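What follows is the residue order along each chain.
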Amino acid sequence: MSRARRQILGACLGAFLLLLLYRYNRTNDDILPSTTPHAAPEVILNFKINPKYLWRKIPVRYPVTEVQPLPVTLPQTLPKVQSAEFKSRLNLDRQTTRQSAAKEALERCWKSYQSLAWGADELAPLSGSSKNMLGGWGATLIDNLDTLWIMGMHDEFKKAVAAVANIKFEDAQSLEINTHDVNIHLLGGLLAAFDLSADQKLLEKSIELGDMLYVAFDTPNRMPIIHWNANKAAHREEQLAEENVLGAELGSFILEFTRLSQITGDPKYFDAAQRVMELFDKQQDATKLAGLWPVSVNAKEELFNDDTFTLGAEASSLYTSLPRAYALLGGKVPMYRKMYENATLTAGGYNVFRPMHPEGKDVLLSGTVQVAMTENGNSQTHLESQMQYRSCFAGGMFALGGALLNIPTHQEIAHKLVDGCIWAHRVVPLGIMPEAFDVVPCASQTNCPWSEWLWKQEVWKKANSLEPEPNPTLNVDNFIKEHRLPKGFIGISDIAYNLRPEAIESIFTLYRISGREDLLDAAWDMFQAMQSATQTKNGNAAIVAVTDEGSELTLKDSMDSMWMSQTLKYFYLMFSSPGLISLDEFVFNAGGHPLKRPKAS
């Protein structure tokens, strides 16, 4: 070969290598591949991913050196979690009537959304207007795709899919979006609807949205930005992980990102979420309450030194994802079992408590623990015996985790936690538990007789703690009457009800796992109370104060998408055949979306 020809070939090879290097730095996808083979995708894509899609062509500032692959072996056979027998004492007609009532409630709401707020994030049911709270991408529309499919509303489903196919995730109406909410409601909704229908238009939108969320992980330590300015990101402006963010928001991507990687065979999504969860795993025993993670964390500096620990509003989606991730990954990533066991061991000893019950019943609730350092450097814990509505998720978490991991004591805890939430609904005259209330914690888990005197004494203390100057002459009986405190409640710090699903979610989960018959009636009572209090001309509306009744009852002009996508969906499934969305075949994400579990060998 002549010298000139060798020079030409060398120049071509150099240019080719430069092109490869350019493409590596240019696109979001061209990160260094893992040395381990990727898991085979579950489906064959019948569309081509657009390389010019905005979120795919943004340069990666902080690429990973090696992508963690999904487990490539088939999942192990995990224990069956659904009860083997359901011997319902309800006759078929009665059960069908209840199921139909849940579906009719959703049909009314969906019809109003179609006519008054189609394509918007949320319907305002009192004014008949629309709201955009989550990027303006149609949160209610996407959030309820799987609900429509599950309830057999296939014509409505097709119309919704056609609308979703035209959504442009390149355009955000909000300056700042919450990537956690987008992930659990929108990406989770798209993936669940695809898992149920196999409609590849939904998979295409899932990949588009997954690629957008993936850009939020492009930070120096690969921790995602939760309050993310998508417009700045689109213009390639650098953003950093936040110094103060809810731990649950940071650690709640694993289910959706794992499922997207399982379906597509692209491990980058799993890799991104797994890196975050490995940080949580590393920090679990180093926090001020070892086993649990604090409410707030510093994602930028990877600091977990806050002193507030709860299973409630600020943390529920993190803890509930642990046994579900273990199941979704087929038991092949044992760290999720360890994280769940350690977290529940601590929560069971510090956060879960028995309240003093007027009838002496043995129920459990979950509170918040504050950790303070004493002068001699030791830690001191204090339980705030305030129960939040969102803490009702814990009953379902213990039920599922106990069944998956063969921990019988967790089943016992699950029954008592669910009974605690049922009690909190029943004692309120409206039949609906408030968003947050305080009770008297028992000194002993085994023996806790009711004391009228102690209850009223604690009501007096609580009432005076809220005032600048204590009132020694406060008439406790009048206070209880004026504030409509049910017997056992010493205060109601948030008297609203925002159409939340956590209570029925746990009742449904425990029923599917235990087959406990009385839960059917408890769920039906709850459904009737909610329908009676919240139904409006254009759907259902949140309640300002559950302590009000009759003509005093006031509603908010709000119908969050979770009312249909979670609350009504769980009621419908509660009264359906146990084979519909079996817990042995699906795991629900924090947004109530069923994601298909890979089949075991």
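Residues numbered from 1 in each chain as written. Predicted model: local features only at pLDDT ≥ 70, side-chain atom pairs only at ≥ 80, totals over all residues. Heavy atoms only, no water.

- As recorded in an unreviewed UniProt entry, the chain goes by the name alpha-1,2-Mannosidase, listed as coming from Penicillium cf. viridicatum.
- In UniProt, the chain has this text filed under Sequence similarities (unreviewed entry): "Belongs to the glycosyl hydrolase 47 family."
- Recorded under Pathway (unreviewed entry), the UniProt text for the chain is reproduced unchanged: "Protein modification; protein glycosylation." (UniProt positions renumbered as here; feature names shortened; annotations may be inferred.)

**Remarks on the overall build of the chain**
Here's step 1: Broken down by element type, the chain carries 21 helices and 18 strands.
Here's step 2: Over its C-alpha trace the chain gives a radius of gyration of 25 Å, about what one expects of a compact globule, namely 25 Å for 601 residues.
Here's step 3: Taken over the C-alpha atoms alone, the chain extends approximately 105 × 65 × 45 Å along its principal axes.
Here's step 4: By the burial criterion, 57% of the 601 residues in the chain qualify as buried. (Helix = DSSP H or I, 4+ residues; strand = E, 2+ residues; numbered from the N terminus. Rg over C-alpha atoms; globule rule 2.2 N^0.38 Å. Buried < 20%, exposed > 50% of the residue type's maximum accessible area, 1.4 Å probe, protein only.)

**Thoughts on the sheet that holds strand S14 (residues 489-494)**
For sheets, the rule is that strands pair by backbone hydrogen bonds, running either parallel or antiparallel.
Here's step 1: On the basis of which strands lie adjacent, the open sheet formed by 3 strands has the order S12-S13-S14 and antiparallel pairing. Strand pairing shows two members of the sheet lacking a second neighbour, strand S12 (386-388) and S14, which therefore form its edges. Direction aside, the axes of adjacent strands within the sheet are offset by 25 degrees on average.
Here's step 2: By the bridge criterion, 3 bridges tie strand S13 (residues 436-439) to S14 in an arrangement that is antiparallel. Within S14, the position partnered with Ala436 by the bridge is Asp494.
Here's step 3: Where helix H17 (residues 452-465) meets the sheet, it contacts S13 and S14, and its direction lies at approximately 35 degrees from that of S14. (Pairing = 2+ DSSP bridges. Axes fitted to C-alpha atoms, helices over the stretch in contact; angles between N-to-C directions. Contact = heavy atoms within 4.5 Å.)

**Comments concerning the packing of helix H3 (residues 92-116) against helix H20 (residues 518-534)**
Here's step 1: It is the contact of H3 with H20, at a shortest axis distance of 12 Å, that shows an interaxial angle of 35 degrees. In the crossing of H3 with H20, the sense of the turn from one axis to the other is left-handed. Within the contact between the two elements, H3 uses Arg94, Gln95, Arg98, Ala101, Ala102 and Ala105 and H20 uses Leu520, Asp521, Trp524, Phe527 and Gln531.
Here's step 2: Here the contact of H3 with H20 is built from residues that sort into 6 nonpolar, 2 polar and 3 charged. (Left-handed = near helix turned anticlockwise from the far one by under 90°. Nonpolar A, V, L, I, M, F, W, Y, C, P; charged D, E, K, R; others polar.)

**Quick word on the pairing of S13**
Here's step 1: Burial along S13 is two-sided: Ala436 and Asp438 facing one way and Phe437 and Val439 facing the other are all buried.
Here's step 2: Relative to S13, S12 runs antiparallel, the two sharing 3 bridges. Across the sheet, Gln386 pairs through a bridge with Asp438, a residue of S13.

**Details of H17**
For an α-helix, 3.6 residues make a turn, and residues three or four places apart therefore share a direction.
Here's step 1: Helix length check: H17 (14 residues) gives 20 Å between terminal C-alpha atoms against 20 Å at 1.5 Å per residue, within 8%.
Here's step 2: Buried positions along H17 lie against helix H18 (476-482) and S14. (Expected span 1.5 Å × (residues − 1).)

**Overview of the nonpolar core**
Here's step 1: One finds Trp55, Leu145, Met212, Trp228, Tyr319, Tyr336 and Met574 to be the most contacted residues of the largest nonpolar core, which totals 188 residues.
Here's step 2: Looking at which element gives the most residues to this core, the answer is H20, with 10 residues.
Here's step 3: Residues in contact with Tyr319, not counting those within four places in the same chain, are Leu292, Trp293, Thr310, Leu311, Ala343, Phe393 and Met397. (Core = buried A, V, L, I, M, F, W, Y, C linked by side-chain atoms within 4.5 Å.)

**Things to note about the sheet that holds strand S7 (residues 308-310)**
Here's step 1: Spatially, 3 strands are ordered S7-S10-S11 in an open sheet, and the strand pairing comes out antiparallel. Unpaired on one side and paired on the other, S7 and strand S11 (379-384) mark the two borders of the sheet. Neighbour-to-neighbour, the strand axes of this sheet turn through a mean angle of 25 degrees, independent of strand direction.

**Quick word on the packing of aromatic side chains**
Here's step 1: Summed over all chains, the structure comprises 24 aromatic pairs.
Here's step 2: Within the aromatic cluster, the residues linked to one another by ring pairs are Tyr214, Phe217, Phe253, Phe257 and Tyr269.
Here's step 3: A cation over an aromatic ring shows up here: Lys159 above the ring of Trp118, its NZ or CZ 5.2 Å from the ring centre.
Here's step 4: The ring of Tyr214 has Lys268 sitting right over it, with the charged end atom 4.8 Å from the ring centre. (Phe/Tyr/Trp six-rings, centres within 6.5 Å; stacked < 30°, edge-to-face > 60°. Lys NZ or Arg CZ within 6 Å of the ring centre and 35° of its normal.)

**Focus: the environment of Gly128**
Here's step 1: Inspection of the secondary structure assignment puts Gly128 in the loop between strand S1 (122-124) and strand S2 (129-131).
Here's step 2: Along the chain, Gly128 and Asp521 lie 393 residues apart, while their C-alpha atoms are 33 Å from each other.
Here's step 3: Setting aside its immediate chain neighbours within four residues, Gly128 contacts Leu116 and Asn538.

**A short note on the packing of H3 against helix H21 (residues 562-574)**
Here's step 1: Following both chains from N to C, one finds H3 and H21 inclined at 165 degrees, their axes separated by 8 Å at the closest point. Here H3 is positioned roughly antiparallel relative to H21, judged by the angle of their axes. Where H3 crosses over H21, the two elements pack in a sense that is left-handed. Residues Gln95, Gln99, Ala102, Lys103, Ala105, Leu106, Cys109 and Trp110 of H3 pack against Trp563, Met564, Leu568, Phe571, Tyr572 and Met574 of H21.
Here's step 2: Split by residue class, the contact of H3 with H21 holds 11 nonpolar, 2 polar and 1 charged. (Parallel < 35°, antiparallel > 145°, perpendicular 65-115°, else oblique.)

**Focus: the pattern of salt bridges**
Here's step 1: For the coordinates displayed, the defined rule picks out 25 salt bridges.
Here's step 2: Of the charged contacts in the structure, one is a salt bridge between Asp362 and Lys416, with a shortest N-O distance of 2.8 Å. Within this pair, whereas Asp362 is found in the loop between strand S8 (352-353) and strand S9 (365-366), its partner Lys416 is found in helix H16 (residues 408-426), the two being separated by 54 residues in sequence.
Here's step 3: For Asp362, a relative accessible area of 30% puts it in the partly exposed group.
Here's step 4: Look at Lys416 and you get partly exposed, because its relative accessible area is 28%.
Here's step 5: In this structure, Lys462 engages Asp438 in a salt bridge whose closest nitrogen and oxygen atoms are separated by 3.6 Å. Within this pair, whereas Lys462 is found in helix H17, its partner Asp438 is found in strand S13, the two being separated by 24 residues in sequence.
Here's step 6: The buried category is assigned to Asp438, whose relative accessible area is 6%. (Salt bridge = Lys/Arg side-chain N within 4 Å of Asp/Glu carboxyl O.)

**So, the confidence of the model for the chain**
Here's step 1: When pLDDT is averaged along the chain, the result is 90; 91% of the residues meet or exceed 70.
Here's step 2: Ignoring residues within four places in sequence, the model shows residues 12-38, a span with pLDDT below 50, making 44 contacts including any to other chains. (pLDDT = per-residue confidence, 0-100.)

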